[in-house]
Amino acid sequence: MFDHVPLLSLLIWTPVIGAVVVLLTGGDAHADKARWLALITSIITMALCIPLYLGFNNNTYLMQFQEHLPWIPAYGIYYDLGVDGISAPLIILTVFTTLLVVIAAMKNQGLYSTE
(Lines give C-alpha, C1' and ligand atoms only; values in the text may rest on other atoms or scores of the structure.)
Protein backbone atom coordinates (compact mmCIF):
# COMPACT_ATOMS: atom_id res chain seq x y z
CA MET A 1 0.00 0.00 0.00
CA PHE A 2 2.78 2.43 0.93
CA ASP A 3 5.50 0.61 -0.98
CA HIS A 4 6.57 3.51 -3.19
CA VAL A 5 6.55 6.23 -0.54
CA PRO A 6 9.89 6.81 1.24
CA LEU A 7 8.08 6.89 4.58
CA LEU A 8 11.11 6.31 6.79
CA SER A 9 13.10 9.04 5.06
CA LEU A 10 10.18 11.41 5.54
CA LEU A 11 10.00 10.47 9.23
CA ILE A 12 13.72 11.20 9.61
CA TRP A 13 14.09 14.34 7.52
CA THR A 14 10.82 16.18 8.34
CA PRO A 15 11.87 16.90 11.96
CA VAL A 16 15.39 17.79 10.82
CA ILE A 17 14.10 20.29 8.27
CA GLY A 18 11.59 21.60 10.82
CA ALA A 19 14.37 22.08 13.36
CA VAL A 20 16.43 24.06 10.83
CA VAL A 21 13.41 26.27 10.05
CA VAL A 22 12.81 26.82 13.78
CA LEU A 23 16.50 27.68 14.20
CA LEU A 24 16.26 30.24 11.42
CA THR A 25 13.36 32.11 13.05
CA GLY A 26 15.82 34.35 14.84
CA GLY A 27 16.01 33.38 18.49
CA ASP A 28 14.04 34.91 21.35
CA ALA A 29 12.63 37.72 19.26
CA HIS A 30 10.37 35.24 17.46
CA ALA A 31 9.96 32.56 20.13
CA ASP A 32 6.21 32.22 19.61
CA LYS A 33 6.70 31.67 15.89
CA ALA A 34 9.36 29.04 16.62
CA ARG A 35 7.03 27.20 19.02
CA TRP A 36 4.20 27.15 16.48
CA LEU A 37 6.54 25.91 13.76
CA ALA A 38 7.73 23.16 16.12
CA LEU A 39 4.10 22.19 16.78
CA ILE A 40 3.26 22.10 13.07
CA THR A 41 6.35 20.02 12.34
CA SER A 42 5.55 17.54 15.10
CA ILE A 43 1.93 17.23 13.90
CA ILE A 44 3.12 16.54 10.35
CA THR A 45 5.54 13.93 11.66
CA MET A 46 2.77 12.34 13.72
CA ALA A 47 0.59 12.20 10.61
CA LEU A 48 3.42 10.40 8.80
CA CYS A 49 3.34 7.72 11.51
CA ILE A 50 -0.23 6.76 10.63
CA PRO A 51 0.73 4.91 7.42
CA LEU A 52 3.58 3.25 9.32
CA TYR A 53 1.13 1.95 11.90
CA LEU A 54 -1.56 0.94 9.39
CA GLY A 55 0.81 -0.63 6.89
CA PHE A 56 2.99 -2.59 9.29
CA ASN A 57 2.50 -6.37 9.13
CA ASN A 58 2.97 -8.03 12.53
CA ASN A 59 2.87 -11.52 11.01
CA THR A 60 6.36 -11.40 9.53
CA TYR A 61 9.85 -11.08 10.94
CA LEU A 62 11.20 -9.41 7.80
CA MET A 63 12.21 -5.77 7.54
CA GLN A 64 9.42 -3.57 6.21
CA PHE A 65 9.26 -0.14 4.55
CA GLN A 66 12.77 -0.73 3.26
CA GLU A 67 14.72 1.93 1.38
CA HIS A 68 17.95 1.02 -0.38
CA LEU A 69 19.64 3.81 -2.34
CA PRO A 70 23.23 4.25 -3.47
CA TRP A 71 24.86 7.07 -1.56
CA ILE A 72 28.55 6.90 -2.46
CA PRO A 73 28.66 4.11 -5.06
CA ALA A 74 32.43 4.35 -5.58
CA TYR A 75 32.96 3.08 -2.04
CA GLY A 76 29.93 0.78 -1.92
CA ILE A 77 28.11 2.97 0.62
CA TYR A 78 24.32 2.85 0.59
CA TYR A 79 21.49 4.69 2.31
CA ASP A 80 19.61 1.75 3.84
CA LEU A 81 16.54 1.96 6.07
CA GLY A 82 14.03 -0.57 7.32
CA VAL A 83 11.68 -1.22 10.22
CA ASP A 84 11.25 -4.42 12.20
CA GLY A 85 8.80 -5.42 14.91
CA ILE A 86 10.72 -3.72 17.70
CA SER A 87 11.56 -0.43 16.04
CA ALA A 88 8.07 0.34 14.62
CA PRO A 89 6.41 0.91 18.04
CA LEU A 90 9.48 2.83 19.23
CA ILE A 91 9.28 5.18 16.24
CA ILE A 92 5.60 5.85 16.96
CA LEU A 93 6.32 6.34 20.68
CA THR A 94 9.12 8.80 19.93
CA VAL A 95 6.99 10.87 17.57
CA PHE A 96 4.06 10.90 20.03
CA THR A 97 6.34 11.90 22.92
CA THR A 98 7.81 14.72 20.82
CA LEU A 99 4.32 16.05 20.14
CA LEU A 100 3.47 15.94 23.85
CA VAL A 101 6.69 17.76 24.78
CA VAL A 102 6.04 20.53 22.24
CA ILE A 103 2.46 20.96 23.50
CA ALA A 104 3.66 21.03 27.12
CA ALA A 105 6.27 23.66 26.26
CA MET A 106 3.60 25.81 24.65
CA LYS A 107 1.34 25.48 27.69
CA ASN A 108 4.17 26.48 30.06
CA GLN A 109 4.72 29.65 28.01
CA GLY A 110 1.03 30.56 28.24
CA LEU A 111 0.41 30.35 24.50
CA TYR A 112 -2.88 28.58 25.04
CA SER A 113 -5.23 27.93 27.91
CA THR A 114 -6.99 24.73 28.93
CA GLU A 115 -9.83 26.62 30.62
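Treat the numbers as computed from the prediction; the structure is a model and nothing was measured.

Considerations on the packing of helix α2 (residues 31–55) against helix α3 (residues 87–108)
- Contact pair α2 / α3: the axes reach a minimum separation of 9 Å and the direction vectors enclose 155°. Classified by the angle between their axes, α2 and α3 sit roughly antiparallel to one another. The way α2 lies across α3 gives a crossing that is left-handed. Here Arg35, Trp36, Ala38, Leu39, Ser42, Ile43, Thr45, Met46, Cys49, Leu52 and Tyr53 of α2 lie close against α3, whose contacting residues are Ala88, Ile91, Ile92, Val95, Phe96, Thr98, Leu99, Val102, Ile103 and Met106.

A word on the pattern of salt bridges
- One pass over the structure, following the stated rule, counts one salt bridge.
- In this structure, Arg35 and Asp32 form a salt bridge, with 3.3 Å as the shortest nitrogen-oxygen distance. Of this pair, Arg35 and Asp32 are both found in helix α2, three residues apart, which corresponds to roughly one turn of the helix.
- Classification of Asp32 by relative accessible area gives partly exposed; the value is 41%.

Thoughts on unusual backbone geometry
- Non-glycine residue Phe65 carries a positive phi angle of around 55°.
- Structurally, Phe65 is set in strand β1 (residues 64–72).
- Judged by its relative accessible area of 16%, Phe65 falls in the buried class.

Each value, and the rule that gives it
- Residues numbered from 1 in each chain as written.
- Predicted model: local features only at pLDDT ≥ 70, side-chain atom pairs only at ≥ 80, totals over all residues.
- Heavy atoms only, no water.
- Axes fitted to C-alpha atoms, helices over the stretch in contact; angles between N-to-C directions.
- Helix = DSSP H or I, 4+ residues; strand = E, 2+ residues; numbered from the N terminus.
- Parallel < 35°, antiparallel > 145°, perpendicular 65-115°, else oblique.
- Left-handed = near helix turned anticlockwise from the far one by under 90°.
- Contact = heavy atoms within 4.5 Å.
- Salt bridge = Lys/Arg side-chain N within 4 Å of Asp/Glu carboxyl O.
- Buried < 20%, exposed > 50% of the residue type's maximum accessible area, 1.4 Å probe, protein only.

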